[in-house]
Amino acid sequence: QVQLVESGGGLVQAGGSLRLSCTVSGRTFNSLTMGWFRQAPGKEREFVAAINWSADRTYYVDSVKGRFTVSRDNAKNTVYLQMNTLKPEDTAVYYCAAKQFGVVTITSSYAYWGQGTQVTVSS
C-alpha cells in the first residue's frame, strides 16, 4: 500500500514563502511521477506542479510559474514544493499525488493521494 504524507502548510502573509514536503512509502519512489494539486473552497481540485521520476522534467500551471518550484530527493522518498511570493489566491488545501501513467496535469491520472495540507495566505 502506497502512503503519501504531506507537511509544511500553514498561515503566511502575502509575499511570504512556504515549503511543502511529501514523503512516500510503500512503493519504489523513483518510478513515480509526483504532482501537487490544490483545492480552494467551492472550487475543483486543480493541477499546480509536477516532476518526473528523474527530475529532468517539471511542469507548472501558469499562475504559479516563476513563484513555485517543485523538486524531489529520491534518496529520501520526498518531493517538495517551494512556494514564494505567495498571494491570497494561493489559499487552498494542497495535495501531493503520485502516478506512473497518464497525462501529468490531469487529476484522474494519479493513483495515490496524500491527505492534504492547508495553506492560508493573508492579505
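Note that the structure is predicted; figures quoted are calculated from it, not measured.

Caption draft 1: Looking closely at the state of the cysteines. Following the criterion strictly, the structure yields one disulfide and no others. The side chain of C22 participates in a disulfide bridge whose partner is C96; the two sulfur atoms lie 2.1 Å from each other. Taking the sign of the torsion about the S-S bond as the criterion, the disulfide between C22 and C96, at about -75 degrees, is left-handed. On the criterion of sequence distance, the pair formed by C22 in strand β3 (residues 18-25) and C96 in strand β9 (residues 92-99) is long-range, its members being 74 residues apart. Here C22 and C96 have matching classes, each one buried.

Caption draft 2: Structural context of the sheet that holds strand β8 (residues 78-83). Taken in spatial order, the four strands of this open sheet run β1-β3-β8-β7, and their pairing is antiparallel. Two strands close off the open sheet at either side, each with one partner strand: β1 (3-7) and β7 (68-73). Neighbouring strand axes in the sheet, compared pairwise and without regard to direction, differ in orientation by 15 degrees on average. When β3 meets β8, the two strands line up antiparallel, connected through six bridges.

Caption draft 3: Structural context of the side chain of R67. On the secondary structure map, R67 appears in the loop between β6 (58-60) and β7. Residue R67 is classed as buried on the basis of its relative accessible area of 10%. At 2.8 Å, the side chain of R67 and the side chain of D90 are in polar contact.

Caption draft 4: Quick look at the environment of A92. When you line up the elements, A92 lands in strand β9. Overall, A92 belongs to the buried group, its relative accessible area being 3%. Remark: the alpha-carbon pair of A92 and A40, spanning 52 residues in sequence, is separated by 4.2 Å. Residues in contact with A92, not counting those within four places in the same chain, are R38, Q39, A40, T117, Q118 and V119.

Caption draft 5: Fine view of the pattern of salt bridges. On inspection of all chains with the given rule, the structure shows four salt bridges. Between K65 and D62 there is a salt bridge; the shortest N-O distance is 3.0 Å. R67 is the partner of D90 in a salt bridge, and the nearest nitrogen-oxygen pair spans 2.8 Å. Highlighted residues: D90 in the loop between β8 and β9 and R67 in the loop between β6 and β7, separated in sequence by 23 residues. Residue D90 is classed as buried on the basis of its relative accessible area of 1%. Residues participating in the shared-partner salt-bridge network are R38, E46, R67 and D90.

Caption draft 6: Local environment of the environment of T105. Within the element layout of this structure, T105 appears in the loop between β9 and β10 (112-113). Of the residues examined, T105 reaches a relative accessible area of 41% and is grouped as partly exposed. Separated by 57 residues in the primary sequence, T105 and V48 place their C-alpha atoms 8.1 Å from one another. Excluding residues within four positions of it along the chain, T105 makes contact with F37 and F47.

Definitions and cut-offs
- Residues numbered from 1 in each chain as written.
- Predicted model: local features only at pLDDT ≥ 70, side-chain atom pairs only at ≥ 80, totals over all residues.
- Heavy atoms only, no water.
- Disulfide = S-S within 2.5 Å.
- Helix = DSSP H or I, 4+ residues; strand = E, 2+ residues; numbered from the N terminus.
- Buried < 20%, exposed > 50% of the residue type's maximum accessible area, 1.4 Å probe, protein only.
- Pairing = 2+ DSSP bridges.
- Axes fitted to C-alpha atoms, helices over the stretch in contact; angles between N-to-C directions.
- Polar contact = N/O pair within 3.5 Å; in protein donor to acceptor, adjacent residues only side chain to side chain.
- Contact = heavy atoms within 4.5 Å.
- Salt bridge = Lys/Arg side-chain N within 4 Å of Asp/Glu carboxyl O.

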